[in-house]
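Observations on the three-dimensional arrangement
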Amino acid sequence: KAGVTQTPRYLIKTRGQQVTLSCSPISGHRSVSWYQQTPGQGLQFLFEYFSETQRNKGNFPGRFSGRQFSNSRSEMNVSTLELGDSALYLCASRRLGTYEQYFGPGTRLTVT
Amino acid sequence: KNEVEQSPQNLTAQEGEFITINCSYSVGISALHWLQQHPGGGIVSLFMLSSGKKKHGRLIATINIQEKHSSLHITASHPRDSAVYICAVTWNSGGSNYKLTFGKGTLLTVNP
């Protein structure tokens, strides 16, 4: 069974640009959560989607948004990038009704 | 504020030593997760537990719900165990809250 995949794995953007990251969950997993990892703040929850609806949102500005498609694949978008958005962005999928989450390899975003 | 505390932050051991990493949390949880992250790598879920004890190979995880405390033990440590170990919880806040709140992680270095 294939694991969670994320694309791209690495990305370099400049301030003010926007970026879209993609996550494909494990087959059969309908929930996708996104997390940001930085050296200063550690791992923080961004949002969770299932059934194409955002179910929970962390404490991040509106520049961070996401969506989920009918096949459970999810994208997150960051608009008007700031230097502080440089981070490892991880997505995790889970089967509905269970707590265990399976993480993807992450997308490392560098904002210059 | 719901918090997850891990100790120690850094741990250096000699190959073969018994390792213990601790995690405490502030309020009731639905599940506690132990995660492993190698440098530059993604996150792997080691254990998810809500009570008792789990064992996988040389790794053992225990949880005491009354004391709001969990430990991760590594027996006969090996240099390949060198990684960051992260404790994360799903709070028992009812509804559909499955988001993870993370500790700051423990950097383990096992020397040969």
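To keep things clear, this report deals only with the structure shown in the data block. (Residues numbered from 1 in each chain as written. Chains lettered and ligands numbered in written order. Predicted model: local features only at pLDDT ≥ 70, side-chain atom pairs only at ≥ 80, totals over all residues. Heavy atoms only, no water.)

1. Describing the interface of chain B and chain A
- Of the residues lining the interface, 18 residues belong to chain B; the matching set on chain A comes to 17 residues.
- Taking both partners together, chain B and chain A bury about 1600 Å²; carbon and sulfur atoms supply 60% of that area.
- Together, Ile43, Tyr98 and Phe102 of chain B form the three largest contributors to the area buried by chain B at its contact with chain A, with a combined 37%.
- Summed over the shared surface of chain B and chain A, the number is zero salt bridges.
- Counting across the interface, chain B meets chain A through five residue pairs in polar contact (both at pLDDT 80 or more). (Contact = heavy atoms within 4.5 Å. Buried area = accessible area lost by both parts, 1.4 Å probe. Salt bridge = Lys/Arg side-chain N within 4 Å of Asp/Glu carboxyl O. Polar contact = N/O pair within 3.5 Å; in protein donor to acceptor, adjacent residues only side chain to side chain.)

2. Description of unusual backbone geometry
- The linkage connecting Thr7 of chain A with the following residue, Pro8 of chain A, adopts the cis geometry, with an omega of -10 degrees.
- Mapped onto the elements, Pro8 of chain A comes out in the loop between β1 (5-7) and β2 (10-13).
- Following Ser7 of chain B, the chain continues to Pro8 of chain B via a peptide bond in cis, the omega torsion being -10 degrees.
- Mapped onto the fold, Pro8 of chain B is located in the loop between β1 (4-7) and β2 (10-14).
- For Ser51 of chain A, which is not glycine, the phi torsion reads 50 degrees and is therefore positive. (Helix = DSSP H or I, 4+ residues; strand = E, 2+ residues; numbered from the N terminus.)

3. Description of the sheet that holds strand β7 (residues 64-68) of chain A
Residues and elements named next belong to chain A.
- An order of β1-β3-β8-β7 is seen for the four strands of this open sheet, with the pairing classed as antiparallel. Of all the strands in the sheet, just β1 and β7 have a single pairing partner and so form its edges. Mean inter-strand twist for the sheet, computed between neighbouring axes without regard to direction, equals 20 degrees. (Pairing = 2+ DSSP bridges. Axes fitted to C-alpha atoms, helices over the stretch in contact; angles between N-to-C directions.)

4. Regarding the packing of aromatic side chains
- Counted by the stated rule, this structure contains six aromatic pairs over all chains.
- Measuring from ring centre to ring centre gives 5.2 Å for Tyr35 of chain A and Phe102 of chain B, while their planes differ by 90 degrees; the resulting arrangement is edge-to-face. Of the two residues, Tyr35 of chain A is situated in strand β4 (residues 31-38) and Phe102 of chain B in strand β10 (residues 101-102); the pairing between them involves two chains.
- Taking relative accessible area as the criterion, Tyr35 of chain A reaches 0% and is therefore assigned buried.
- Counting every residue linked through ring pairs, the aromatic cluster contains Tyr35, Phe45 and Phe103 of chain A together with Phe102 of chain B.
- A cation over an aromatic ring shows up here: Arg94 of chain A above the ring of Tyr98 of chain B, its NZ or CZ 3.5 Å from the ring centre. (Phe/Tyr/Trp six-rings, centres within 6.5 Å; stacked < 30°, edge-to-face > 60°. Buried < 20%, exposed > 50% of the residue type's maximum accessible area, 1.4 Å probe, protein only. Lys NZ or Arg CZ within 6 Å of the ring centre and 35° of its normal.)

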